[in-house]
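# Structure assessment
Single-letter residue listing:
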Amino acid sequence: MTRMTPLIERNERFAATHAPAALAPPTAQVVIVSCLDHRVPPELILELELVEAPVIRNTGGRVTPAVIDDLTYLAFLAEQLFSAQIAPESLFEVAVIHHTQCGTGFLADPGFRRQAAAATGVPEATLQGSAVDDPYATVRADVERLLASDRISPKVSVSGHVHDIATGRITTVLGARHPHRAGTGPG
């Protein structure tokens, strides 16, 4: 028996009533970027159903080059496969959600960051860039990073939110906006 055994047993209950979903655009037309912290699963705190929204989770829920790669591919996929099923000017919204009491906040401390770099082999600058000590500031920075990326389709909107661990509530920090590109009109 491993630690996965009880989870696989739960999966059996899920599988007993599971009906596979057809490949289609997510019904909420939202892609969630969030932290991997086990206290903030977007599927639970947003009460997401199986086909509503893809979720990208990483340390701090930060917008990294890998997140931009994933979003770029999802926009390409949406245009290629689902263009007849979605509004042509708006493929989906990316909702960046940071949270209070994030464990990455410890990385703001230079001593802790130095120890983390030594233990993980990740450069201190990279660790510093992933710190979420003020989720309202970091979510704004990440939304702006996406809006400024020349790889994010102008047909993708981006919003920023903060989940408060103490109350369970999500606050919108920045409403959905489209990236502005020369020749595409206002964002």
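Scroll up to find the structure.
All of the points below concern the structure found in this document. Every value quoted in this text rests on a predicted model; they were computed, and no experiment measured them.

Definitions and limits used
Residues numbered from 1 in each chain as written. Predicted model: local features only at pLDDT ≥ 70, side-chain atom pairs only at ≥ 80, totals over all residues. Heavy atoms only, no water. Disulfide = S-S within 2.5 Å. Helix = DSSP H or I, 4+ residues; strand = E, 2+ residues; numbered from the N terminus. Contact = heavy atoms within 4.5 Å. Polar contact = N/O pair within 3.5 Å; in protein donor to acceptor, adjacent residues only side chain to side chain. Phe/Tyr/Trp six-rings, centres within 6.5 Å; stacked < 30°, edge-to-face > 60°.

## What to know about the state of the cysteines
Overall, the coordinates contain zero disulfides when judged by the stated rule. The structure places no disulfide on Cys 102, whose sulfur is separated from the nearest cysteine sulfur, that of Cys 35, by 4.1 Å.

## Examining the environment of Thr 59
Of note, Thr 59 is situated in the loop between strand E2 (55-58) and helix H3 (65-82). In this structure the C-alpha to C-alpha distance between Thr 59 and Ala 131, which are 72 residues apart in sequence, comes to 8.8 Å. When sequence neighbours within four positions are dropped, the list of residues in contact with Thr 59 reads Leu 36 and Thr 104.

## Considerations on the side chain of Asp 37
Along the polypeptide, Asp 37 turns up in the loop between strand E1 (30-35) and helix H2 (42-45). Polar contacts involving the side chain of Asp 37 include one to the side chain of Arg 39, which spans 2.6 Å. The contacts of Asp 37, once residues within four sequence positions are left out, are Arg 57 and His 99.

## What about the environment of Arg 114?
On the secondary structure map, Arg 114 appears in helix H4 (residues 110-120). It is 9.1 Å that separates the C-alpha atoms of Arg 114 and Leu 127, two residues lying 13 residues apart in sequence.

## Overview of the packing of aromatic side chains
In this structure the tally under the stated criterion is two aromatic pairs. Residues Tyr 73 and Phe 76 carry aromatic rings whose centres are separated by 6.3 Å and whose planes lie at 40 degrees to one another, so their mutual orientation is tilted. With Tyr 73 and Phe 76 both in helix H3, this residue pair falls three residues apart, about one helical turn. Where Phe 106 meets Phe 112, the ring centres are 5.5 Å apart and the plane angle is 40 degrees; that geometry is what we call tilted.

Remember that the coordinates give geometry; whether it matters functionally is a separate question.
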